[in-house]
Amino acid sequence: MLGKTNYKTISMTVTNSGFTENPLHRAISATIRPLWILGGSLLLLSSNAWSQEVADTPLSPDSGFYGFDDNVPEVLTTTRLRQPKVRVPGSTTVIDGDMIRDLGVMSLAEIFRLVPGMVVTAVGSDQPVVTYHGTVHYEQRRMQVLVDGRTAYRTTLADMDWQSMPVPLEMIERVEVARGPNSAAYGINAFLGTINFITRDPADTAGVELRTVRGSRQYMRSFASVGDASSDYDWRVAFEKRQSDGFDYAIKHNSDTDRYDQNPYHNGHDMNVLNYDSRLNLNSGFNAEFRAGVVDGINEEDRLEDGELNAQENPDIDVRDLHMQTKLNFTPTSDHFYHLQISYESFKRHQRWHILQPSSVLTCLDNGTPLVANPGTCFDPSTDPFTALVNADIEDSRLEFELQDTRIFNPDLKLVSGIGYREDTYTSETYFSGTGHD
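Residues numbered from 1 in each chain as written. Predicted model: local features only at pLDDT ≥ 70, side-chain atom pairs only at ≥ 80, totals over all residues. Heavy atoms only, no water.

Trainee: Can you walk me through the overall build of the chain in this structure?
Mentor: When you go through the chain residue by residue, the secondary structure sums to seven helices and 23 strands. A buried classification covers 40% of the 438 residues belonging to the chain. Look at the contacts in the chain between residues 6 or more apart in sequence, and 60% of them connect residues 24 or more apart. Working note: accessible area of the chain is about 24100 Å², and carbon and sulfur atoms make up 54% of it. (Helix = DSSP H or I, 4+ residues; strand = E, 2+ residues; numbered from the N terminus. Buried < 20%, exposed > 50% of the residue type's maximum accessible area, 1.4 Å probe, protein only. Contact = heavy atoms within 4.5 Å. Areas by Shrake-Rupley, 256 points an atom, 1.4 Å probe, with all protein chains shown as cover.)

Trainee: Help me out: how do you make sense of the sheet that holds strand β7 (residues 150-151) in this one?
Mentor: Within a sheet, neighbouring strands are paired by backbone hydrogen bonds and run either parallel or antiparallel to one another. One open sheet holds the five strands; their spatial order is β3-β8-β9-β6-β7, and the pairing between them is mixed. The outermost strands of the open sheet, each flanked by one partner alone, are β3 (91-96) and β7. Examined bridge by bridge, β3 and strand β8 (residues 172-179) share six bridges and lie antiparallel to one another. Of the residues in β8, the one forming a bridge with Asp 96 is Arg 174. (Pairing = 2+ DSSP bridges.)

Trainee: What is the right way to read the packing of aromatic side chains from this model?
Mentor: Two aromatic rings, taken as a pair, are described by how far apart their centres are and by the angle between their planes. Scanning all chains against the criterion turns up nine aromatic pairs. Judged by centre distance (5.4 Å) and plane angle (55°), the ring pair of Phe 112 and Trp 162 falls under tilted. Of the two residues, Phe 112 is situated in the loop between α3 (97-102) and β4 (118-123) and Trp 162 in the loop between β7 and β8; the sequence distance between them amounts to 50 residues. Trp 162 matches Phe 112 in its accessibility class, with the two residues each being buried. (Phe/Tyr/Trp six-rings, centres within 6.5 Å; stacked < 30°, edge-to-face > 60°.)

Trainee: What's the story with the pattern of salt bridges in this structure? I'm lost.
Mentor: Pairing between side chains of opposite charge can happen when the charged atoms of each approach one another. Under the counting rule described, the total for this entry stands at 25 salt bridges. One salt bridge in this structure joins Arg 211 and Glu 170, with 2.9 Å as the shortest N-O distance. Linking Arg 211 in strand β10 (residues 207-214) with Glu 170 in the loop between β7 and β8, this pair joins segments that are 41 residues apart in sequence. You can call Arg 211 partly exposed: its relative accessible area is 35%. By relative accessible area, which is 2% here, Glu 170 ends up buried. Notably, a salt bridge pairs Asp 318 with Arg 320, separated by 2.5 Å at the nearest N-O pair. Three or more residues are tied together by salt bridges with common partners; here these are Asp 148, Asp 201, Arg 236, Asp 277, Arg 279, Glu 289 and Arg 291. (Salt bridge = Lys/Arg side-chain N within 4 Å of Asp/Glu carboxyl O.)

Trainee: Where do I start with the nonpolar core in this structure?
Mentor: Side chains that are nonpolar tend, in soluble globular proteins, to be buried together. Ranked by internal contacts, the top residues of the largest apolar core, which has 30 residues, are Ile 111, Phe 112, Trp 162, Met 165, Ile 195 and Phe 197. Those elements that place two or more of their residues in this core are α3, β4, β5 (127-132), β6 (143-147), β8 and β9 (193-199). If near-sequence neighbours (up to four positions away) are discounted, Ile 111 is found in contact with Ile 95, Ile 100, Val 105, Leu 169, Ile 172 and Phe 197. (Core = buried A, V, L, I, M, F, W, Y, C linked by side-chain atoms within 4.5 Å.)

Trainee: Help me understand the state of the cysteines, please; the structure alone is not making it clear to me.
Mentor: Working definition: the covalent bond between the sulfur atoms of two cysteines is a disulfide. Tallying each qualifying case throughout the model produces one disulfide. Two residues share a disulfide in this structure: Cys 364 and Cys 378, whose sulfurs sit 2.2 Å from each other. On the S-S bond that ties Cys 364 to Cys 378, the torsion sits near -100°, and the link is left-handed. Taken as a pair, Cys 364 in helix α6 (residues 360-367) and Cys 378 in helix α7 (residues 375-378) lie far apart in primary sequence, 14 residues in all. Across this residue pair, the class does not change: Cys 364 and Cys 378 are buried. (Disulfide = S-S within 2.5 Å.)

Trainee: Is there a simple way to explain α6 in this structure?
Mentor: Within the span of α6, buried status applies to Ser 360, Val 361 and Cys 364. Across the axial projection of α6, the buried residues extend over an arc of 105°, all falling on one side. As for α6, its buried residues are in contact with β19 (352-358), α7 and β20 (385-391). Just downstream of α6 lies Gly 368, where phi reads positive at about 80°. (Arc of directions from axis to C-beta.)

Trainee: What should I look at first to understand the pairing of strand β21 (residues 394-410) in this one?
Mentor: Where a strand is regular, its side chains alternate between the two sheet faces. Summarising the sheet, strand β18 (residues 336-350) and β21 pair through 14 bridges and their orientation is antiparallel. Its bridge partner lying in β21, Ile 342 is registered against Phe 401. What sits between the antiparallel neighbours β21 and strand β22 (residues 413-428) is a turn of two residues.

Trainee: How should the sheet that holds strand β23 (residues 434-437) be read in this particular structure?
Mentor: Read from one edge of the open sheet, ten strands run β10-β11-β12-β15-β16-β17-β18-β21-β22-β23, paired in antiparallel fashion. This sheet does not close on itself; its edge strands, each paired only once, are β10 and β23. Sheet twist, expressed as the mean angle between neighbouring strand axes with direction ignored, is 10°. Alignment of strand β15 (residues 269-283) against strand β16 (residues 286-299), held across 14 bridges, turns out to be antiparallel. (Axes fitted to C-alpha atoms, helices over the stretch in contact; angles between N-to-C directions.)

Trainee: Would you explain the side chain of Arg 150 in this entry?
Mentor: Here Arg 150 lies in strand β7. With relative accessibility at 3%, the residue Arg 150 sits in the buried group. At 2.8 Å, the side chain of Arg 150 and the side chain of Gln 325 are in polar contact. Excluding anything up to four places from it in sequence, Arg 150 contacts Val 145, Pro 166, His 323, Gln 325, Gln 341, Ser 343, Glu 345 and Glu 400. (Polar contact = N/O pair within 3.5 Å; in protein donor to acceptor, adjacent residues only side chain to side chain.)

Trainee: Sorry if this is basic, but what is going on with unusual backbone geometry here?
Mentor: Positioned with a positive phi, Asp 148 is a non-glycine residue whose angle comes to about 55°. Note that Asp 148 resides in the loop between β6 and β7. One non-glycine residue with positive phi stands out, namely Asp 258, at about 55°. With respect to the helices and strands, the residue Asp 258 is situated in the loop between β13 (249-254) and β14 (259-264).

Trainee: Honestly, the side chain of Ser 244 in this entry has me stumped. Any pointers?
Mentor: Note that Ser 244 resides in strand β12 (residues 233-244). The exposure class assigned to Ser 244 is buried, which follows from its relative accessible area of 14%. Here Gly 246 takes part through its backbone nitrogen, which lies 3.1 Å from a polar atom of the side chain of Ser 244. Residues contacting Ser 244, with those up to four places away along its chain left out, are Arg 217, Gln 218, Tyr 219, Gly 268 and His 269.

Quick look at the structure:
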């Protein structure tokens, strides 16, 4: 049980339709609200008024189903083909960036509380996890996560580090979530679904933007960006600092006194994110995009939650991440376009801590005796204790290559084809006994 402050919440309904409002929406809202205030005696009168108002609302020939206009979000992630959401052959949720910021979302993981079927929780030292239908609690495998089409999940332990993702909330244009198997388009890791963070175009953020948000427990998030846009070259440099002290204490049961004690809780984080985005327009049929970024910081781990083998200090994680991405876009004709994308990512986690164990552990290891199966023998507290240093350092990198071609023969016949290559490299003396490739 964690000590925490109560936050004020706002009840609302989130749908997967477009987020634009038309006169029909306002007519329905203006008619329904009085029912909650005046009670059931006006139900019949309001219902008749609502029917008359809807009947009098002019619908253009282009109006869509149920009166909603056709200005619905275009979806790119589900089929790798840009098309209106109503034509996507799959369950897809599109969350607009302005909506995320207006709701006061504090972290990337919180966004997915708006997605049907997504479960957002925390493990260990309050590390956020996002799963689909509650599957795979610790390692978020079989769910592809992309940032502008670049794979973002870690190769080594097949999980996502939401605390250190290089995506400031102010840079999000929209988030597309394809709910359900999508391995045909994105490989085996997209078995449960695909999440794609699409960031704002540098041309849309020209100028200077500053933002600071502060809260309890030393929560602080500062964002700053500067950029420019011209007919030939658009660019943006953005910096974000995320900081929080986490919860003050955790309430745990003390078996010696049979009481619940308040223990200090070490689960904050301090992350620095620097991103550079640009686009070079050489002519009407060719442009080049380049993105790069670094992440530097500390992810705090509590000794009692994540310090295995009787840790003597908090096993904090030192984070060092790097990414680079180049995308060449070619448009020979209005019905034929293709792109070549190359990206490189590096994830480094430095984590070490000292442990204290009885010497009987070493005896069992020398004899080949299983430790867990023989706790009384291998963890005999009467033997002399010894200290050791646990090395949980881990590094992994990824090199990706992608070529995709799109042809539009007519509005009902479109062809998307492509080829991709990915090489993963991982290094850890503890987990992999050295370096490996995949």
